Amino acid sequence: MRICLIVEGCYPYVVGGVSSWVHSLIRSFPHQEFVLLTIVAGREMRGKFVYELPENVTEIHELYLNDADWGSKRWQCKMTRKEYMALRSLLLDQQADWETLFDFFHNPAVSVNRLLMGEDFLHAVAECYSLNYSQIVFSDFLWQMRSIYLPLFFTIKMQVPKADLYHCLCTGYAGILGSMAKHFHGGRMLISEHGIYTREREEELVKAKWVQELYKNIWIHQFRKLSRVGYARADLVTSLYEHARELQIELGCPEEKTLVTPNGIQTDRLQNLPGKHIEDEGKINIGAVLRVTPIKDVKTMIQAFAFAKEREKDLKLWIMGPWEEDQEYAQECFDLVETLGVSDVVFTGRVDIRDYLGRMDLTILTSISEGQPLTILESYAAHKPVIATDVGNCKGLILGDKDDFGPAGIVAHVMNVEEIAQAMVYMAHHERTRLEMGEIGYKRVMNGYRIEQMRETYEGIYRDFAKSMGLKWENETKKENA
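Residues numbered from 1 in each chain as written. Predicted model: local features only at pLDDT ≥ 70, side-chain atom pairs only at ≥ 80, totals over all residues. Heavy atoms only, no water.

Enquirer: I tried to follow the overall build of the protein on my own but got confused; where do I start?
Expert: When helices and strands are counted, the protein shows 18 helices and 13 strands. In terms of overall dimensions, the protein is globule-like: its C-alpha atoms have a radius of gyration of 24 Å, near the 23 Å expected for 482 residues. Dimensions of the protein, computed from C-alpha atoms along their principal axes, come out at roughly 75 × 65 × 40 Å. With the model as given, the accessible surface of the protein reaches about 21100 Å², and the carbon-plus-sulfur share is 50%. Averaging the locations of the 55 positively and 68 negatively charged side chains of the protein gives two centres separated by 4 Å. (Helix = DSSP H or I, 4+ residues; strand = E, 2+ residues; numbered from the N terminus. Rg over C-alpha atoms; globule rule 2.2 N^0.38 Å. Areas by Shrake-Rupley, 256 points an atom, 1.4 Å probe, with all protein chains shown as cover. Lys, Arg positive; Asp, Glu negative; His and termini not counted. Charge placed at Lys NZ, Arg CZ, Asp CG, Glu CD.)

Enquirer: Please clarify how the packing of helix α2 (residues 81-91) against helix α5 (residues 119-132) should be interpreted in this entry.
Expert: If you want to describe how two helices pack, look at the angle between their axes and the distance between the axes. Their axes nearest at 9 Å, the elements α2 and α5 cross at an angle of 40°. By the angle between their directions, the pair α2 and α5 is classed as oblique. For the pair α2 and α5, the sense of crossing is right-handed. On α5, the residues touching Tyr84, Leu87, Arg88 and Leu91 of α2 are Asp120, Phe121, His123, Ala124, Val125, Glu127 and Cys128. Across the contact of α2 with α5, the residue classes break down as seven nonpolar, one polar and three charged. (Axes fitted to C-alpha atoms, helices over the stretch in contact; angles between N-to-C directions. Parallel < 35°, antiparallel > 145°, perpendicular 65-115°, else oblique. Left-handed = near helix turned anticlockwise from the far one by under 90°. Contact = heavy atoms within 4.5 Å. Nonpolar A, V, L, I, M, F, W, Y, C, P; charged D, E, K, R; others polar.)

Enquirer: Help me understand the sheet that holds strand β2 (residues 33-40), please; the structure alone is not making it clear to me.
Expert: Remark on secondary structure: sheet strands pair via backbone hydrogen bonds, oriented parallel or antiparallel. An order of β3-β2-β1-β4-β5-β6-β7 is seen for the seven strands of this open sheet, with the pairing classed as parallel. Every other strand in the sheet has two partners, leaving β3 (57-64) and β7 (258-260) as the edge strands with one partner each. Shown here is a sheet whose adjacent strand axes are inclined to one another by a mean of 20°, direction ignored. Sheet topology note: the strand β5 (residues 188-192)/strand β6 (residues 236-239) ladder contains three bridges and is parallel. The partner of Ile191 across the bridge, within β6, is Val237. (Pairing = 2+ DSSP bridges.)

Enquirer: I would appreciate a short explanation of the nonpolar core in the present structure.
Expert: Across soluble globular proteins, you tend to see nonpolar side chains buried next to one another. In this structure, Trp98, Phe121, Met145, Tyr149, Leu152 and Phe153 are the most contacted members of the largest nonpolar core, which totals 74 residues. In this structure Trp98 touches Leu90, Leu152, Ile156, Ile176, Leu226, Val229 and Arg233, once residues within four positions along its chain are discounted. Counting residues in each nonpolar core, the second largest holds 56 residues, with Leu36, Met360, Ile376 and Ile398 among its members. (Core = buried A, V, L, I, M, F, W, Y, C linked by side-chain atoms within 4.5 Å. Buried < 20%, exposed > 50% of the residue type's maximum accessible area, 1.4 Å probe, protein only.)

Enquirer: It is not clear to me how the packing of helix α15 (residues 417-429) against helix α16 (residues 431-448) should be interpreted in this structure. Could you clarify?
Expert: α16 packs onto α15 with a crossing angle of 100° between their chain directions and a minimal axis gap of 5 Å. It follows from the interaxial angle that α15 and α16 lie roughly perpendicular. Contacts between α15 and α16 pair Tyr426, Met427, Ala428 and His429 from the former with Glu431, Thr433, Arg434 and Met437 from the latter. Its residues assigned to classes, the contact of α15 with α16 comprises four nonpolar, two polar and two charged.

None of this, on its own, says anything about what the molecule does.
Here's what the structure looks like:
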């Protein structure tokens, strides 16, 4: 069975999180062929991989959302009435005829730019405007609609590779590609959401400075629309924990398609790690394994640490992870440390956490949005307790939503500096509790979040899809021949 993994904004361009999960999944099935279809912002990202691709990745295809319409010989075809009505229904969020749109955009004569600047799009936008947005200046509304639909139309123009199974790692543009591939090539479609795509885009848009307040709801509505397409056409939709599954259903995913499949990590690589160095003597090390980006809310972490440091001078904060993804935000974090005049804050950059995690007394995560963070599971595998904000499944991982082992750390509210600071101080002053929590975390990860368990779950899913298509599951063949 040939599997096409469709990923947006992560693997193989950035480390951690979903990228780590994708890399682990591919390596878990070394005898299975994978094709990558990646979605990135622009061509400047082309081929800039930070992972060495496993040998069983046979092809990689890149889609650039902020691209140009290449090819001077293209011209705008006049839309048929059926095609125009499909476009109109899409803009008005009626029962959109996606199959007609897929066929239309795959006509080589269709130009995205000329469509957006042409009469058909103008008339459809005008109808949408008069029905819903007449209080806005029309020229502004027209240009905003062009910016909203440009990446979607580039997505639909994409020539998708043929595969037996399209495994989308989110809804949104990935879900559109999977739906379109299923339309053209048949096969099956699987969506595995680590965070709920629609909610994550909403959170980003609420805080975004690049879009005016007037248009934020239009963008949010657009992402909801895209998610519904993926949910409707997927054969199976997985999530990492129960509340995420409930959100999928709330956003329009049929309940009978949903399945909870928890994350899993390779626990053995985090055993018997080197302990504290001489320089760590007397220090209480707090580790933060993350990308230095706004969604991780590193600023709140630094502010909370500064307050905690006033009450416990032996605290030391290690921020372990790359900062190149958002250099402006990273510089703001560096400047904040200087402005606060707080000592014992170390930015390591990208590191092998096995060189550092054993030195930590606990780890921390102050994100404003998460799914089921691998960094928490990795901390548990190293017997380290965790302080985390109440986002995604962090509370479930810390307090236990699948067992009665007890708390493996402390949960705090998002952006609550005082609460997070108090959690740091409590951990510093209660060594015995801290060690007990670390052991509880270890029991929790070994009980339900090992890579072997995740692999078994996805092997079952892949095998069932193969069987439904009359295909032989390749890993079974290898076992039989062994």
